[in-house]
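Summary of the model geometry
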Amino acid sequence: MGLLTEGSPLSWEETKDLADHVRQHGVVQFINLYKRLRDRQGDVLKWGDEVEYILVKFDHEKKVARVSLRASEVLNILQEKEVKSPQSVKSLWRPEYGAYMIEGTPGKPYGGLLAHFNIVEANMKYRREEVARSLNPGEVVMSVTSFPRLGCRDFTDPPTVPTPESGASRSLFLPDEAIFPGHPRFKTLTRNIRQRRGSKVVINLPIFKDKNTPSPFIENLRALGDDGESSKAALPNHVYMDAMGFGMGCCCLQLTFQACNINEARTLYDQLTPLCPIMLALTAASPLHRGYVTDVDCRWNVISCSVDCRTREERGEVPLKHNKFRIPKSRYDSIDSYLSPQGEKYNDVPLIYDMAIYEQLRDADIDHLLAQHIAHLFIRDSVSLFTEKVDQDDEQDTDHFENIQSTNWQTMRFKPPPPNSPIGWRVEFRPCEVQITDFENAAIVCFVVLLTRAILSYQLNFIIPISKVDENMKRAQKRDAVLQEEFYFRKDITTCVSPPAATSCCHTSDCSDVYTPMTVDQIINGKPNEFPGLIPLINSYLSGMDVDADTHCTIQQYLKLIQRRASGDLQTTASWMRQFIQSHPEYKHDSVVSERINYDLLTQIHRIQTGEISCPELLGTCLQSKTQESIPAAVQKAEAINGECC
């Protein structure tokens, strides 16, 4: 979720009055940090995953499943080990936006040994089991992107009631009790985003038009206490949502990579950007929202709209008067510019940035691309500020910089080293939807990490115009995009410095167009005589490495899952959910996810994630890894001697 500062939150009016203060000091803090650390070299490859979970309470007698609002209690239990012995824990636990959500990461980052790929899934299993031991009877922990009936009547345990006329969100559907209560940041963000915007947030997802879905589909929102604002905002034939919790209450899977220096971090940031929409489509897992089947498969636009604090002026609905900029996107969206020299000419979308901040950064000897990136982030106001953090030492502190940086939630995040820390320059990969099982989540994580190794080792170039990435993001969220859509992707991905191992498996082209529409299958698995495919590239890279048998087996099983999802041989989670609902005996083909359908769906998901039942249409029949909790000493020693680092 970003920076969690302890303290007393300021009101929106107080925060608004200090917006320029935060910006001015945040820029100075970044300049000071950059001057100290821009020449930092030699950091080793480290990486890790973040998995977000929801807590679900089953009532098996009544056949009902609700979100359990006990995340704060469970988190206190989970964090006890870290408090007592922070260096020896196998997992770290942090709060998330929902009072029913928690976030788990490995206790320590993974490193450069190839054998690390064989312990990712085991650590994910450990985390899930650790949470399960802290739960009450009837409660389970699940990695589901969106709870299907979030915002429906009686969707929480214990029961809660929305308060449209008061509170942080003033939602018709989501009570404030569903927001994590253990840290003031979450309700403060909710309130301040609504107040800065000048209205409640507006989320409209097209409803899936089944044969019995009302046409037009229009809900009676006044019956829920609407004063007219929501009825005006809701679109016909759309599922309407009105609170930050509908977006930030979704779960995702994220990865962070430490680079050896700032230039490698900028390279990874750029090269992974075109992969974001591809991975979003491949991991699609959220077609169900507010008790309805929608016509999209992913959460991205839901979250984007849920934190859209732009005013009417900034959204271009009325002329600029009180605000400085017309801003095309929400603060949660795809990135707007590349950072490396290789990507500069593909920055084809005009970038909105604060010219005064840009010039201040340039005067501090920060290059054009990085200066415009920071100046672009800083067109946003702070939406959460604490009394204790207003006055800071700009030579040592970075909280004002992180205040703005951490609330620009984009597909990629470029992360400077924290002050006085052994941590280096990092990038965060943020588009993926969380999957049902640890096997799937581990497969996605290892695939992306292996791809970064191939990119850097083979000196590959995936960059396409930013405008095409934006178009791909729109396509990625459509129903069954993994099979039905084509995505712009670079045709010739080798460079003049790519080694023979790369050029021998890639095709070169004299065509002036550097990109072409491809299916996800073609991008992942290859297109004969035109594009090698990402997994064949990874296998080519691995062929030059000495990998122990168990790790090799595990990696190949992960890659097979990715290959088969891309080809359509296996379903995405979203497609599987749709099929489950369509075949449910209680489904009336009216796009409604009833209490019983929700219960049966989540029960089935829980049985799949625990291995109680198989799901060949989602996971295949023989995909199983040889994951283990630790790297065997002999393997670790052999890899270190042979220099087999990924």
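Right above here is the structure, for reference.
Residues numbered from 1 in each chain as written. Predicted model: local features only at pLDDT ≥ 70, side-chain atom pairs only at ≥ 80, totals over all residues. Heavy atoms only, no water.

**Some remarks on the packing of helix 5 (residues 120-132) against helix 15 (residues 438-458)**
- With their axes 9 Å apart at the nearest point, helix 5 and helix 15 run at an angle of 140° to one another. One finds that helix 5 runs oblique with respect to helix 15. Where helix 5 crosses over helix 15, the handedness of that crossing is right-handed. In contact with Val120, Glu121, Met124, Lys125 and Arg128 of helix 5, helix 15 contributes Asp438, Phe439, Asn441, Ala442, Val445 and Cys446. (Axes fitted to C-alpha atoms, helices over the stretch in contact; angles between N-to-C directions. Helix = DSSP H or I, 4+ residues; strand = E, 2+ residues; numbered from the N terminus. Parallel < 35°, antiparallel > 145°, perpendicular 65-115°, else oblique. Left-handed = near helix turned anticlockwise from the far one by under 90°. Contact = heavy atoms within 4.5 Å.)

**Some details on the packing of aromatic side chains**
- For the coordinates displayed, the defined rule picks out 23 aromatic pairs.
- Taken together, a centroid distance of 5.6 Å and an interplanar angle of 85° make the contact between Phe489 and Phe531 edge-to-face. A residue pair is termed long-range when its members are at least 10 positions apart, and Phe489 in strand 16 (residues 487-490) and Phe531 in the loop between helix 19 (520-525) and helix 20 (534-543) qualify at 42 residues.
- Here the aromatic rings of Trp576 and Phe580 are separated by 5.8 Å at their centres, their planes lie at 35°, and the arrangement is tilted. Taken together, the positions of Trp576 and Phe580, both in helix 22 (residues 573-582) and four residues apart, correspond to about one turn of that helix.
- A connected cluster of aromatic rings, assembled from ring pairs, spans Phe30, Tyr34, Phe378 and Phe401.
- Geometry around Tyr488 places Lys468 over its ring, the cationic atom sitting 4.5 Å from the centre.
- One Lys or Arg, Arg578, reaches over the ring of Phe208 and ends 5.9 Å from the middle of that ring. (Phe/Tyr/Trp six-rings, centres within 6.5 Å; stacked < 30°, edge-to-face > 60°. Lys NZ or Arg CZ within 6 Å of the ring centre and 35° of its normal.)

**Re helix 22**
- Across the 10 residues of helix 22, seven count as buried, placing the element largely inside the fold.
- For helix 22, the full list of buried residues reads Thr573, Ala574, Trp576, Met577, Arg578, Phe580 and Ile581.
- Buried residues in helix 22 make contact with strand 10 (288-289), strand 11 (292-293), helix 15, helix 23 (595-609) and helix 24 (616-619). (Buried < 20%, exposed > 50% of the residue type's maximum accessible area, 1.4 Å probe, protein only.)

**Regarding unusual backbone geometry**
- In this structure, Pro158 follows Asp157 across a cis peptide bond, with omega equal to 5°.
- Note on placement: Pro158 falls in the loop between strand 6 (156-157) and helix 6 (184-197).
- Omega for the peptide link from Ser215 to Pro216 comes to 0°, which places this bond in the cis form.
- A positive phi angle, near 55°, is found at Asp154, a position not held by glycine.
- Topologically, Asp154 is positioned in the loop between strand 5 (139-142) and strand 6.
- A positive phi angle, near 70°, is found at Asp365, a position not held by glycine.

**Describing the nonpolar core**
- Ranked by internal contacts, the top residues of the largest apolar core, which has 195 residues, are Leu361, Phe429, Phe447, Leu534 and Trp576.
- For this core, the element with the highest residue contribution is helix 15, accounting for 15 residues.
- With near-sequence residues (within four places) excluded, Leu534 lies in contact with Leu275, Phe447, Leu451, Phe462, Phe489, Ile523 and Ile524. (Core = buried A, V, L, I, M, F, W, Y, C linked by side-chain atoms within 4.5 Å.)

**Describing the environment of Gln571**
- By secondary structure assignment, the location of Gln571 is in the loop between helix 21 (549-567) and helix 22.
- Along the chain, Gln571 and Val161 lie 410 residues apart, while their C-alpha atoms are 37 Å from each other.
- Non-local contacts of Gln571, meaning those with residues more than four positions away in its chain, are made with Arg565, Trp576, Gln579, Glu617 and Leu618.

**Points about the environment of Val89**
- Tracing the backbone through its elements, the reader meets Val89 in the loop between helix 4 (80-84) and strand 3 (91-95).
- Between the C-alpha atoms of Val89 and Gly107, which are 18 residues apart in sequence, the distance is 5.3 Å.
- Val89 has contacts with Lys81, Glu82 and Gly107, leaving out every residue within four places of it along the chain.

**Quick notes on the pattern of salt bridges**
- Going through the model one piece at a time under the given rule, you end up with 40 salt bridges.
- Note that Lys57 is salt-bridged to Asp157, the shortest N-O span being 3.7 Å. In this pair, Lys57 sits in strand 1 (residues 46-59) while Asp157 sits in strand 6, placing the two residues 100 residues apart along the sequence.
- Overall, the relative accessible area of 25% leaves Lys57 in the partly exposed class.
- Residue classification places Asp157 among the partly exposed positions, given a relative accessible area of 22%.
- Three or more residues are tied together by salt bridges with common partners; here these are Asp20, Arg23, Arg196, Glu314 and Asp381. (Salt bridge = Lys/Arg side-chain N within 4 Å of Asp/Glu carboxyl O.)

**So, the environment of Ile463**
- By the element assignment, Ile463 lies in the loop between helix 15 and helix 16 (466-476).
- A residue is classified by how much of its surface remains accessible, and Ile463, at 0% relative accessible area, is buried.
- Separated by 345 residues in sequence, Ile463 and Asn118 place their C-alpha atoms 30 Å apart.
- When sequence neighbours within four positions are dropped, the list of residues in contact with Ile463 reads Asp270, Gln271, Pro274, Tyr338, Ser340, Gln342, Gly343, Tyr346 and Arg490.

**Looking at the side chain of Glu264**
- Turning to its location among the elements, Glu264 is positioned in helix 9 (residues 262-272).
- We note that Glu264 is buried and unpaired, the nearest opposite charge coming from Arg453 at a distance of 5.1 Å.
- Side-chain polar atoms of Glu264 contact the backbone nitrogen of Cys260, separated by 3.0 Å.
- If near-sequence neighbours (up to four positions away) are discounted, Glu264 is found in contact with Ala259 and Leu456. (Lys, Arg positive; Asp, Glu negative; His and termini not counted. Polar contact = N/O pair within 3.5 Å; in protein donor to acceptor, adjacent residues only side chain to side chain.)

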